[in-house]
Each structure stands twice: as C-alpha cells, then as structure tokens.
Amino acid sequence: MIWPFSRFRKSPARLRGTIEAIYGMIVAQAREPLFYRDLAAPDTVDGRFDMLLVQLWLVLRRLDPRSELAQGLFDKFCDDMDDNLRELGTSDMKVPRKMRDFGSAFYGRTKAYDVALAEGGEALAAALSKNIYNGRDLDQARQLAAYVEAADHHFAGLDPATFTSGAWRFPSPAATLVTT
C-alpha cells in the first residue's frame, strides 16, 4: 500500500527526474481534450481530478506499491494537490482535511476500478459512470472504459525496465473511440 504521509520525505535523487517525467505524462494525459469534448467528462475541478486519478491509477497498478517509484509518484500527486488547493485559495486550516478527502477518493476509486477491471467492461463502465459522470452518461463511460482497458493492456505489454524508466507514452484515447 502506498503510504499517504511519506510525502514529507524527499524522493531519492536518482528517481526525481523519472518521477517528474512520469507524473508530467499523467497530468498531460488527464488534460487530453478528447476526454472532455468527446467523452463528456466534466470540465470542472472535480472532473479533472477524477481524470487525473484514472491516469495515475493506470500507472500505479503496474508498479510494485512498495517501490520508491510508486511512492514517489503518489507523493508527487499529493504535493500537486496541496499546491492546487492553495492556488485555489483554500486556507491553511482546511488543506489537511481536503488532503484527507483526496486520499479517501484515491483509495476508494482505485479499489473500485481494480475490482471493476477484473470483472470486465460493463463493470468498469459502471464504476467510471459513478465516479466521473455522477451515475449518468453510461455511453460515454463505456467509451472511457474502452480507453482504460486499452491503456491497461498497453502498459501490461511493456517490459518492467521500460515502464519504470518512463520511456513510454500513454496510448491515444482517440484510437479507442467507438463510432456508430
């Protein structure tokens, strides 16, 4: 399990560049306009947070949770959320509560996504619908589930050295769009 309070330690210097590169790819993928334009993910603070969690989960599920890289990515995520809260004007007194809320959201959603991915496409679409679309837009959730399954399959095919080095890219979500 990734520990939520180790973010007060610095990542090992040898991993900082890799953590920055992989986290940058996670954030860039979460900002992919297609998710918001074509798949109708809410283009709100909450919607973008949820898309970030999906991308982060896809990466973390392929790493040993006890590894320095997994912990470093989670710490980077926590630092990013803390910075974003402060930029949005959240008071210093409220930041710890909000960070606990983020942690609960992270662990709850990743557990739900792990279970749903193991059960198959429709279960994953239902979990994504619940968490990203507030229980609505099942058709868009199905398309997002197709992307998630494709990305998970893509990452499963990478050798561990390539994956942990950050020498990879997320698959294009456009390639998974189902047109009728």
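In every chain, residue numbers begin from 1 and rise along the written sequence. Totals for whole chains, interfaces and linings use all residues, but because this is a predicted model, local features are given only for residues with pLDDT of at least 70 and pairs of side-chain atoms are given and counted only at 80 or more. Each side-chain value is worked out from all heavy atoms of the structure, with water and hydrogens disregarded.

Visitor: Explain the overall build of the chain here, please?
Guide: A tally of helices and strands in the chain yields 8 helices and 0 strands. Across the chain, helices and strands are ordered from the amino to the carboxyl terminus as α-α-α-α-α-α-α-α. Atoms considered for the radius of gyration are the C-alpha atoms alone. The globule rule reads 2.2 Å times the number of residues to the power 0.38. Over its C-alpha trace the chain gives a radius of gyration of 16 Å, about what one expects of a compact globule, namely 16 Å for 180 residues. Its C-alpha atoms give the chain principal-axis dimensions of roughly 50 × 40 × 25 Å. Here the contacts in the chain between residues at least 6 apart in sequence split such that 65% fall between residues at least 24 apart. We get accessible surface area from the Shrake-Rupley algorithm with a probe of 1.4 Å; when it comes to residues, only the shown protein chains can shield them. When the accessible surface of the chain is split by element, carbon and sulfur atoms take 54% of a total near 9,600 Å². Positive charges come from Lys and Arg alone, negative charges from Asp and Glu alone, with His and the N- and C-terminal ends not counted. Note that the charge is assigned to NZ on lysines, CZ on arginines, CG on aspartates and CD on glutamates. Looking at charge distribution, the chain has the averaged site of its 23 positive side-chain charges lying 5 Å from that of its 24 negative ones. Under the scheme used here, helices are H or I runs from DSSP no shorter than 4 residues and strands are E runs no shorter than 2 residues, and both carry numbers assigned from the N terminus. Note on contacts: a residue pair qualifies if any of its non-hydrogen atoms lie within 4.5 Å across the two residues.

Visitor: I keep staring at helix α4 (residues 68–87) and nothing clicks. Help me out?
Guide: The α-helix winds at 3.6 residues per turn, so residues separated by three or four positions along the chain end up facing the same way. To estimate how far a helix should reach, multiply one less than its number of residues by 1.5 Å. In a regular helix each residue adds 1.5 Å, so 20 residues correspond to 28 Å; α4 covers 28 Å between its end C-alpha atoms and thus fits that length. All buried positions along α4 are accounted for by Leu69, Ala70, Gln71, Gly72, Leu73, Phe74, Asp75, Phe77, Cys78, Met81, Asp82 and Leu85. Tucked into the core, α4 has its buried residues touching α1 (13–30), α3 (45–60), α5 (95–119) and α8 (160–165). Of the residues one or two after α4, Gly89 is the one with positive phi, at around 90°. When accessible area is computed with a 1.4 Å probe and restricted to protein chains, residues below 20% of their type maximum are described as buried, those above 50% as exposed, and intermediate ones as partly exposed.

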